[in-house]
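Examination of the molecular architecture
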Protein chains: 2
Amino acid sequence: MAKGKLYGIGVGPGDSKLMTVKAVEILRSADMIITPKTEKKDGSVAFHIASPYIPEGTEILPLVFQMNNDMAAVERQWEENRRVIMEKLDEGKNLVFLTLGDPMLYSTYMYIFRVLEDTDYEVETVPGIPAFLGIASHIGMPVAEWEETVLILPATASPEKIDQALAAADHAVIMKVYKNWAFIQSELRKHHLIKNAVMVSRAGLPDEVIQRDLDSLPADYRPNYLSTILTKRDDL
Amino acid sequence: MAKGKLYGIGVGPGDSKLMTVKAVEILRSADMIITPKTEKKDGSVAFHIASPYIPEGTEILPLVFQMNNDMAAVERQWEENRRVIMEKLDEGKNLVFLTLGDPMLYSTYMYIFRVLEDTDYEVETVPGIPAFLGIASHIGMPVAEWEETVLILPATASPEKIDQALAAADHAVIMKVYKNWAFIQSELRKHHLIKNAVMVSRAGLPDEVIQRDLDSLPADYRPNYLSTILTKRDDL
């Protein structure tokens, strides 16, 4: 029997219609969707975005993707996931792993990908539109033009890394802004990136929040969970 | 009569099936596609990618997008383009401008967008998958994970800007690599970014070129027109 294939699919930033034609075609013929068994929100949001294109009766394969400091336990879990995935592929089933945005940009899909990378199982990755590009089109703000540079960084990186990186960027995309807003605000001021900064969460959804005057926000402001900032240098 | 609407649509990196469901729906009901009148390659490539979804009989509106140093001539040209676009919108026609990759990332669409930005004409921008994410999925190389930063820069930026920017990046995406290969190679070596670097042109097409050992390429090598490099620091 022919072996099945594993597909990693980026579902884009939120609107189901921003999924690609290819992603939709694969979903329509998939046998099984892998979902994270944990309470991790990303997995269920991705599933929700893709659901208009998932035929009734498609099987669901819940797998545990735990992150903790017990490396031995994580290793064992991944051995078990690998075993289950290979078993399903050996049965000839086509499996799909869904990821918010793009699978190659800050995604847990890389775990799944690496499980099969050096085997002879077939894997295909389908790119998706990352959140920051969804936001840029939604608010009408270019991410970069001409010879300008763009820095993408998670607000969860170390303060030293954030400071060093922002010093050299024309444009910056800061993701996962949340608890460390006061620090991010001071960095944006320091590197002349605050005037043009826009902070967005839940872009395009009924409860979207778009903040434009970030210099005036109080330092103890709490951005929505997983807000994204788009900005460029004051003099651009 | 209701005014028409202008749509800016990103067609993605090359495969027509990597266009979004939304882009396809808009194209199927569009009255008119704006195309660049010049010999600029981007416009015709974008048209080619979208063509499976453009119904026969859709009108074509060729506009001149000239770049030259005679600012007065460029201004006059843009006044004329603005006049033509508004005339068509006033006739109730829905217009589409196609752009390779994403409209907000290094795209000429920003011109069109700005023509109508402060008017009461309706404009909608539809994001697309940028080339570097198409490449990342195609070659199975993550653009970034965890707390890592990504720098996107055009190889056409000034040497000082390239040097400063590469110094601070975990991952780098270098676009439009072409004539200045020797300089880019020396920068990748200097900033410990050459070991993991991959240079790709025409990803997924029959004539694609994927170069993996960039340290061994001669300094007088001529990359294909518009090659992209994906890389990360040696120690990541």
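Residues numbered from 1 in each chain as written. Chains lettered and ligands numbered in written order. Predicted model: local features only at pLDDT ≥ 70, side-chain atom pairs only at ≥ 80, totals over all residues.

Core analysis: the largest hydrophobic core is formed by 136 residues, its most contacted members being Val96 and Val143 of chain A together with Val96 and Val143 of chain B. Every residue in contact with Val143 of chain A, bar those within four places of it in the chain, is listed here: Phe132, Leu133, Ala136, Val150, His171, Val173 and Leu230 of chain A together with Met104 and Leu105 of chain B. (Core = buried A, V, L, I, M, F, W, Y, C linked by C-beta atoms within 7 Å. Buried ≥ 20, exposed ≤ 12 C-beta atoms within 10 Å, placed from the backbone. Contact = placed C-beta atoms within 7 Å.)

Once that is clear, we can look at the relation of the copies chain B and chain A. After a rotation of 180° and a shift along the axis of 0.0 Å, chain B superposes on chain A with an RMSD of 0.1 Å. In symmetry terms, the pair is related by a two-fold rotation axis. Here 98% of the contact residues of chain B are again contact residues in chain A; the copies associate through an equivalent surface. (Least-squares fit on C-alpha atoms with pLDDT ≥ 70 in both.)

All names here are of chain A. Strand order in the open sheet made by the five strands is 3-2-4-1-5, with parallel pairing throughout. Because the sheet does not close on itself, it has two edges, and the strands there are strand 3 (59–63) and strand 5 (122–126). Looking at each pair of strands side by side, their axes are set apart by 25° on average, direction ignored. Bridging between strand 1 (residues 5–10) and strand 5 involves five bridges; their strand directions are parallel. Among the inter-strand pairings, Ile9 is bridged to a residue of strand 5, identified as Val126. Sheet strands in contact with helix 4 (residues 109–117) are strand 1, strand 4 (95–99) and strand 5, and its direction is about 160° off that of strand 1. (Pairing = 2+ DSSP bridges. Helix = DSSP H or I, 4+ residues; strand = E, 2+ residues; numbered from the N terminus. Axes fitted to C-alpha atoms, helices over the stretch in contact; angles between N-to-C directions.)

Splitting chain A by domain gives domain 1 (5–129) and domain 2 (132–232). Looking at the side of domain 1 of chain A that touches domain 2 of chain A residue by residue, the classes come out as four nonpolar, two polar and one charged. (Domains from an automatic or database assignment. Nonpolar A, V, L, I, M, F, W, Y, C, P; charged D, E, K, R; others polar.)

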